[in-house]
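Chains, contacts and geometry: an overview
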Amino acid sequence: MSLYAPAIARLIEEFQRLPGIGPKSAQRLAFFILRSDEESARRLAEAIVEVKRSVKLCSQCYNLAEGELCEICASEKRDRSVLCVVEEPRDVVAIERSGGFSGLYHVLQGAISPMDGIGPEQLKMRELVERVASGEIREVIVATNPNVEGETTALYIARLLRPLGVRVTRIASGLPVGGDLEYADEVTLSRALEGRRDIGE
Amino acid sequence: MSFLIDRITLENFRNHRSLEVGPLGGTTVVLGPNGAGKTNVLEAIDLVVSGRSFRNARLEDIVTWGEHRACVTMRGLRDSTEVVIQERFDVDGDRRLSVDGLERKRRSEALHGAHTVVFRPDDLELVKGPADARRDALDALGSRLSEVYAHTRREYHKVVRHRNVLLREWKASSADLEVWTLQAIVLGARLLVHRRRLVARLFSNIRESHSRLSDGQELTVEYHDRCGLGITDPAVELTVEEAREALASEFAARSEDERRRATTVVGPHRDDIVLLLDGREARRFASQGQQRSIALAWRIGEVGTIEDVSGERPILLLDDVMSELDESRRNALQTCMSEAAQTILTTTDLSHVRATRGDAVVVELG
């Protein structure tokens, strides 16, 4: 089937599994690596293996961590009564950069999206409920993305956590509608955090 | 403000590896045999100005086979200043719009609300076709005119698709389904209100253009919703709260039905817009000629609606429609053209367009 030597065909195939990489981009990447010197190829391969070996998920918030707990969960300075729920580790980075939040995080590892085969069970949802049920937390700020999947996830969380007697708020719009949190600039993000509201029925 | 296209350059766009068309006039006739790629030129303009292709094509189909990237460049005048609008389309779905070399994210902002209206032989489907032909045409117009409409429609359809997966494949628990139902109600209500308002507005224009095309028959419209509302007159103003209540009770009433059919049966994605000619459904009872008049009146009505809403005269793109029309309909279309910002039309035979504006520029392809 493939007109390439098996080794290069295999590399193209692996690249094609990556998000946003089509057959043509995969070819381009594979040939770039083929042309580069052995040392840089080795560095890339080692970086890939290393990131899988050393970076784990924080056992408390499921953010990326190099130890048992991530830096934020391990910090003494954070407010342990407020929890901010986000979809991905990169959202933690975005909110941290805004400097408008000093509580802890909970990283769901995605949003509810039936079309992609993701329901609440595929997310860190049960873990969220257990965390909130264990006491300390007074308020949960839901900062999932302002798109359909993020909004639905926020609704789901509100319905799940309200009976536990905790305040559940949603970051206010001010975020570009339909956009991903990641792309919001820092000013809008901190304003959005200030203007958070309780999630409607 | 208006935008006048003077020159179009296509690179790797469908069958055109490299094509330059221009200078264009107020009216431009693109002449050529079948297969010369005349429609592709119209499609390129529509794709850049409106953001979507009237053929609903995927980007990978637009790029010439074997190439990575297609490029459309339009040079023209905006408020009598020269402007270069360019868009690149990559096979992998990436597209970039730039104005005078600066990349722009928001099309409507970048193009200062320039619009197109496309006339095609398939427009007959608006009258003869199933409900989705009319719904799609309405929603496409609404999306062109308003970012909010476009966004609401996109998000609503995503919710319906998610919900259908839950119903069909997951046999979802009601707790899992409930949040999606809530979203369908909130977004569906918004879409319903927006769409009914657009129907009312568009139809006052369609009725007017139709009266000039027919011999005194009366065209009316009814909005048949599947949202539990039951108000067929689109001119009746509806609040979002009322729409939400109607949808909520309809969802509750139809929940067993929807489980059985494993799909979302309630909501504006199933509504129909029914056209009546002298009180009888045009889809079933009107003659072919009458249907053609209604379809033409619909598109001319879009031109008027765009002018009403945006204050801008749209660019008309006529894809081989003249040969289908008789004398009186051709005249109506020509009146519409004379009021448009610019018209670009395709034909295989110049005799079909003899009577168009005297200053028409003829460009030959193939």
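Structure first, text after, so check above.
Let me sum up the structure you'll find in this document. Since the structure is predicted, the reported quantities are computational estimates derived from the model, not experimental observations.

**Re the interface of chain A and chain B**
- With 23 residues of chain A in contact, the opposing surface of chain B contributes 22 residues.
- With both sides pooled, the region where chain A packs onto chain B buries about 1800 Å², and carbon together with sulfur makes up 66% of that total.
- Counting across the chain A and chain B interface gives two salt bridges.
- A salt bridge links Glu149 of chain A to Lys158 of chain B, with the shortest nitrogen-to-oxygen separation between them at 3.4 Å.
- Our enumeration of links across chain A and chain B arrives at seven residue pairs in polar contact (both at pLDDT 80 or more).
- Only helix H2 (23-35) and helix H7 (148-161) of chain A provide two or more residues apiece to the side of chain A that touches chain B.
- When its residues are assigned to classes, the side of chain A that touches chain B shows ten nonpolar, eight polar and five charged.

**Considering the sheet that holds strand S2 (residues 16-21) of chain B**
All names here are of chain B.
- The strand order across the open sheet built from six strands is S2-S1-S4-S5-S6-S7, with neighbouring strands paired in antiparallel fashion. In the strand order of this sheet, the two ends are held by S2 and strand S7 (102-104), each with one partner. On average, each strand axis in the sheet is tilted by 20° relative to the strand beside it, whichever way the strands run.
- Relative to strand S6 (residues 95-99), strand S5 (residues 81-90) runs antiparallel, the two sharing five bridges.

**Section: the packing of aromatic side chains**
Residue and element names in this part refer to chain B.
- In the structure shown here, the tally under the stated rule is three aromatic pairs over all chains.
- Judged by centre distance (5.7 Å) and plane angle (80°), the ring pair of Phe203 and Trp298 falls under edge-to-face. In this pair, Phe203 sits in helix H7 (residues 174-213) while Trp298 sits in helix H11 (residues 288-310), placing the two residues 95 residues apart along the sequence. Pair check on accessibility: Phe203 and Trp298 agree, each one buried.
- Between Arg196 and the ring centre of Tyr223, over which it is positioned, the NZ or CZ distance is 5.8 Å.
- A cation sits over an aromatic face here: Arg280 above Phe285, 4.3 Å from the ring centre.

Rules and cut-offs
- Residues numbered from 1 in each chain as written.
- Chains lettered and ligands numbered in written order.
- Predicted model: local features only at pLDDT ≥ 70, side-chain atom pairs only at ≥ 80, totals over all residues.
- Heavy atoms only, no water.
- Contact = heavy atoms within 4.5 Å.
- Buried area = accessible area lost by both parts, 1.4 Å probe.
- Salt bridge = Lys/Arg side-chain N within 4 Å of Asp/Glu carboxyl O.
- Polar contact = N/O pair within 3.5 Å; in protein donor to acceptor, adjacent residues only side chain to side chain.
- Helix = DSSP H or I, 4+ residues; strand = E, 2+ residues; numbered from the N terminus.
- Nonpolar A, V, L, I, M, F, W, Y, C, P; charged D, E, K, R; others polar.
- Pairing = 2+ DSSP bridges.
- Axes fitted to C-alpha atoms, helices over the stretch in contact; angles between N-to-C directions.
- Phe/Tyr/Trp six-rings, centres within 6.5 Å; stacked < 30°, edge-to-face > 60°.
- Buried < 20%, exposed > 50% of the residue type's maximum accessible area, 1.4 Å probe, protein only.
- Lys NZ or Arg CZ within 6 Å of the ring centre and 35° of its normal.

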